[in-house]
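# Observations on the three-dimensional arrangement
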Amino acid sequence: MSDSALYSGLSGATAAWRQLDVVSNNVANVSTQGYKAGRISFRTEVEGQFLQAQAAVATISPVMSDGPLEDTGNAGHLALRGEGWLTVQTEDGSHQLTRDGRFALDNTGLLRAPDGAILVGEQGPIQLAAGEGFRVDPQGRVFGEVSGEAGLIRMRKGPTKHAGGNRWLANGKMERAEPTIVQGALEGSNVDAAMAMTELIEASRYFEAFQKAIAASDEMTGRLNQSGGK
Amino acid sequence: MRSLYVAASGMAAQQTRIDTVANNVANVGTTGFKRQRSAFEDVAYQQVAVKSRDAEGGVAELGGGVRVADVERDLANGAFEETGNPLHMAINGPAWLAVETPDGGMAYTRDGALGRSADGTLVTATGMPLAGGIVVPPDATNLTIEPDGTVSLGRLELAVFPNPARLSPKGGNLFAETPSSGVPRIAEPEDGVVQQGFLERSNVDIASELIELILAQRAFELNSKVVQAADETLQTAANLRR
């Protein structure tokens, strides 16, 4: 029975550590454009006759709420409102998803992210004329001042996984999304500082509680051993 | 242990942000200065196994913190200040004034505080001759710069870049072409109107820099709280064995 208490304590402590890891990444990315806060969820698993309960990390999933809008006045900056991802094509030709809308028109008329990835429309890369002004409407249609309509920005939603560098990868079936696009603005991180601090306190306190449980269980085993010895 | 490193990356990123703000504020009085803003990105995620009895799931992703993605330049025009000096000019539009560097290359600037060298050549405030080599005779009494950059004795070379935010700063208000800025073309009249007798001031807005500073400082503080919490948790863990 003590063993069971010991391992319950241990699994709880491990889960609290994980929560600390998730909160720390949220706090580190409190100013990252288009960052989506991670949220950890736990599940209590109970098994056996003697009630062996274990707190286990079930999932770490992104909170998909919108981050705050920051007005930059730069025509190449795009912010999304509502669920969905922009699609970019990296140098190796693969598609990645992002909410970090920092693009600039290059000398071939493509809209490129700072790392060189190209903004993709429903019919391939958005192609404008070099050096021209352009406008993006709330539905995501791009219009060049000289070249005219350049296509609809490809936006998707569905299961994703992290790729790092503010990018995500599709992780299952994606469907068409229709968020609103705001040109001349950037979406900030959706990390809520107050929430992060609360979770931080929560994780430390959980850890402490589980430590107490482990210590108590240890003590009980110790006493049991002593009494058995007599 | 991970959270300590993650929080440290957060603090380093906020430090860069503060450094950027400091440089902007220091250049609040620099003619033609363009403010910078720091941009961040999350870093590689590590997959960890999670306990799950379900068939699905079983893997969760833990982030490795943050890093500075780049420091972008905001190219909005600064306010125009009338100086009345016929050798001062401001460009209303995205064009850049081309300058010849001593090594024979080209550099570009928005600083239109021009002067005349000993032989009458038009030079920038730091003494670099303008591209095109415009020489003003010593006895010239009035010099006019037309809106398209035409001077009585030649024409100022104005350049437009496909992506000017990627020009590389060379100090002394000069910028150089880079592969990502693209190759410049000669400015058309609609690219910029030259206004004689004006200077373009820095586009740094002190109020927004102060807000940026407060945000950076608070974010730094939040990360330090994470360090504290991780440290306390480690201590608790160390006390397991008494």
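Predicted model only: the values in this text are computed from it and were never measured. (Residues numbered from 1 in each chain as written. Chains lettered and ligands numbered in written order. Predicted model: local features only at pLDDT ≥ 70, side-chain atom pairs only at ≥ 80, totals over all residues. Heavy atoms only, no water.)

### Observations regarding the overall build of chain A
Each helix and strand in chain A was counted, giving 2 helices and 19 strands. In terms of principal-axis extent, the alpha carbons of chain A reach across some 95 × 30 × 25 Å. Considering chain A as a whole, with its 230 residues, one finds that 49% of them fall into the buried category. Put simply, 59% of the contacts in chain A that link residues at least 6 apart link residues at least 24 apart. For chain A, the computed accessible surface area is about 10,600 Å², with 52% contributed by carbon and sulfur atoms. For chain A, the centre of its 21 positive side-chain charges and the centre of its 27 negative side-chain charges are spaced 3 Å apart. (Helix = DSSP H or I, 4+ residues; strand = E, 2+ residues; numbered from the N terminus. Buried < 20%, exposed > 50% of the residue type's maximum accessible area, 1.4 Å probe, protein only. Contact = heavy atoms within 4.5 Å. Areas by Shrake-Rupley, 256 points an atom, 1.4 Å probe, with all protein chains shown as cover. Lys, Arg positive; Asp, Glu negative; His and termini not counted. Charge placed at Lys NZ, Arg CZ, Asp CG, Glu CD.)

### Details of helix α1 (residues 2–26) of chain B
Residues spaced three or four apart along an α-helix face the same direction, because each turn holds 3.6 residues. With 25 residues, α1(B) extends 36 Å between its outermost C-alpha atoms, agreeing within 8% with the 36 Å of an ideal straight helix rising 1.5 Å per residue. Of the residues making up α1(B), those classed as buried are Ser3(B), Val6(B), Ala7(B), Ser9(B), Gly10(B), Met11(B), Ala13(B), Gln14(B), Arg17(B), Thr20(B), Val21(B) and Asn24(B). (Expected span 1.5 Å × (residues − 1).)

### Considering a nonpolar patch on the surface
A surface patch of nonpolar side chains, amounting to about 290 Å² of accessible area, comprises Val25(B), Val28(B), Ile206(B) and Leu210(B). Structurally, Ile206(B) is set in helix α2 (residues 206–238). (Patch = residues over 30% accessible without salt bridge, like charges linked within 9 Å, V, L, I, M, F, W, Y side chains within 5 Å. Salt bridge = Lys/Arg side-chain N within 4 Å of Asp/Glu carboxyl O.)

### Quick word on the sheet that holds strand β7 (residues 96–100) of chain B
All names here are of chain B. One open sheet holds the 6 strands; their spatial order is β14-β15-β8-β7-β13-β16, and the pairing between them is antiparallel. Strands at the two margins of the open sheet, each flanked by one partner only, are β14 (168–171) and β16 (185–186). Looking at chain direction, β7 and strand β8 (residues 106–109) are connected through 4 bridges and run antiparallel. Pairing of Leu 97 across the sheet is with Thr 109, part of β8. (Pairing = 2+ DSSP bridges.)

### Overview of the pattern of salt bridges
Scanning the model with the defined rule gives 26 salt bridges over all chains in all. The residue Arg17(B) makes a salt bridge to Glu212(B) at a minimum N-O spacing of 3.0 Å. Taken together, the residues span a long stretch of sequence, with Arg17(B) in helix α1 and Glu212(B) in helix α2 at a distance of 195 residues. According to the relative accessible area criterion, Arg17(B) is buried, its value standing at 8%. Judged by relative accessible area, Glu212(B) falls into the buried class, the value being 16%. As a salt-bridge pair, Glu200(B) and Lys34(B) come within 2.6 Å of each other at their nearest N and O atoms. Taken together, the residues Glu200(B) in strand β18 (residues 198–200) and Lys34(B) in the loop between α1 and β1 (36–42) connect sequence positions 166 residues apart. For Glu200(B), a relative accessible area of 0% gives the class buried. Assessed through its relative accessible area of 1%, Lys34(B) is described here as buried. One salt-bridge network, held together by shared partners, links Glu70(A), Asp100(A), Arg102(A), Arg37(B), Asp70(B), Glu72(B) and Arg166(B).

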